[in-house]
Amino acid sequence: MEKKIAKNGLYLILSQIIGRTIGFAYFIFLARSLTVENFGIYAWVLGFVYNFLPVADLGIERYILKNLPRHPDRSKEYFADLLGLKIALAGITLILTAVLGIIMGLSGTKLASLFIFSLIFLPNNIIHLVSSFQNAWEEVFTGIISNLFFSLSGALLGINAIWLGLGVTWLFISYLIALLITALGIIVRAKKVGLPLKPRFNKRTISLVWRECRFFAILVIMANFYLRIPLVTIGQTMGDYWSGIYGSVSKFIEAGVLIPQAVALAVAPTFSRLLISDRKQLKRIYYQTGLGIIILSLFPLAVFVLGGNWFIGLVYGVRYLPAVPALKVLALSLPLFFFNFLAANIIENSPLVKRFVPWAIGHFVLVFCLAIILPGRWGIIGGAASLLVGETTRLFLNQKFIGKILK
């Protein structure tokens, strides 16, 4: 069992490292090729739309990882019902994102980019649904291959758009094309493993899924928004320039947390089973895995804190040196981010998840308020500080519930 966890965790981490390396190289290329203001538009739209990916998922990935390992004989039934729900959610999220963009007063390139980028929800939902079923079966390569293919093809298409002298909007068109191609490949894979590509819209099933998924959905949506709250508030209050400056370093944190996410994904089926069969063993694996991912966070923390000026100058150039103080504050959050992601995996699959949600909402509101107040006093350093306070608070909150769950 532990060998399977270690092997899948290693594969997922390596794929995330490769995918993030491709993404970083592309991000750096854009930062150096675009003006800071245009890069700010790109970073803001990217972050804003990414916030709504969990809305389009609505906690279904967590639902699959919790229930499918316990009921593998119901895979086809689950898939047909969830495919229909995923299609409906993609359409609703598209409309929601576009309407919010208009309400927020966006215009020109920013609004056009938002409209185009909002089309990603349907192909993204299909990719994640098939990958989630494969991950629940502890077959991680479907998700790995799709992630790497999408990362590479999206970057190559975007670079080509820049070389042709096309505008920021074409970067999002490139992203969408790469995602559509990946989705077609995922559909072929689904047919090969026997997943039925005929969506069902069963009201009773949707109601049953919603009763459980709503708690996952609230937590996952808040977690995703939470990480990008400072970027959105800085973009709206301080403008595209500072959005570009902060966005350049917040990307490192967004990429960094993919490592604990990969580990959490690898252990999710095992955690789900042990939560109902052997909590003593679950406790041991939890703390062993937690220690390992904290150790993984120490190297980037040291680089960002001790060599921030050198690192930013090397990666982005001197135009982005004002981001260094914010990078150092965000780096202090890394060990907390890493450990907290693993704790969330257990809490979200436990009977205490309903009691946890009000506390999580209070934590989210706290960070949101800090992200509005602190940048007004300390600029982008205040935005980074809001996440550091948030992660420290979340650590104590998570451990309070983990202690009850693992008794």
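Scroll up to find the structure.
Residues numbered from 1 in each chain as written. Predicted model: local features only at pLDDT ≥ 70, side-chain atom pairs only at ≥ 80, totals over all residues. Heavy atoms only, no water.

Asks: Hey, could you run me through the overall build of the protein in this one?
Replies: For the protein, the helix and strand inventory stands at 17 helices and zero strands. Across the 407 residues that make up the protein, the buried fraction comes to 58%. Of the contacts formed within the protein by residues at least 6 apart in sequence, a portion of 86% connects residues at least 24 apart. Carbon together with sulfur atoms contributes 70% to the accessible area of the protein, which is approximately 17,100 Å² in total. (Helix = DSSP H or I, 4+ residues; strand = E, 2+ residues; numbered from the N terminus. Buried < 20%, exposed > 50% of the residue type's maximum accessible area, 1.4 Å probe, protein only. Contact = heavy atoms within 4.5 Å. Areas by Shrake-Rupley, 256 points an atom, 1.4 Å probe, with all protein chains shown as cover.)

Asks: What's the story with the environment of Gly235 in this structure? I'm lost.
Replies: With respect to the secondary-structure elements, Gly235 resides in helix α10 (residues 203-238). Separated by 192 residues in sequence, Gly235 and Ala43 have C-alpha atoms that sit 9.3 Å apart. Here Gly235 is in contact with Trp44 and Ser243, once residues within four sequence places are set aside.

Asks: Would you mind showing me how to read the packing of aromatic side chains here?
Replies: Aromatic ring pairs are reported here in terms of the distance separating the ring centres and the angle at which the planes meet. A full pass over the atoms with the stated rule returns 18 aromatic pairs. Ring centres 4.7 Å apart and planes at 85 degrees place the aromatic pair Phe117 and Tyr175 in the edge-to-face group. On the criterion of sequence distance, the pair formed by Phe117 in helix α6 (residues 108-117) and Tyr175 in helix α9 (residues 169-192) is long-range, its members being 58 residues apart. For the pair Phe117 and Tyr175, a shared accessibility class is recorded, and that class is buried. With a centroid separation of 5.3 Å and 40 degrees between ring planes, the pair formed by Tyr316 and Tyr320 is classed as tilted. Residues Tyr316 and Tyr320 agree in their burial class; the two are buried. In textbook terms, an aromatic cluster arises when at least three aromatic residues are bridged by ring pairs, as seen for Phe27, Phe39, Tyr42, Tyr50, Phe117, Phe150, Phe172, Tyr175, Tyr316 and Tyr320. (Phe/Tyr/Trp six-rings, centres within 6.5 Å; stacked < 30°, edge-to-face > 60°.)

Asks: Before we go on, may I ask you to explain the pattern of salt bridges in this structure?
Replies: Two side chains carrying opposite charge are able to pair once their charged atoms lie near each other. Applying the stated rule across the entire model yields two salt bridges. A salt bridge links Lys110 to Asp240, with the shortest nitrogen-to-oxygen separation between them at 3.0 Å. Linking Lys110 in helix α6 with Asp240 in helix α11 (residues 240-256), this pair joins segments that are 130 residues apart in sequence. Note on Lys110: relative accessible area 11%, which makes it buried. (Salt bridge = Lys/Arg side-chain N within 4 Å of Asp/Glu carboxyl O.)

Shape is all these values report; function is a separate question.
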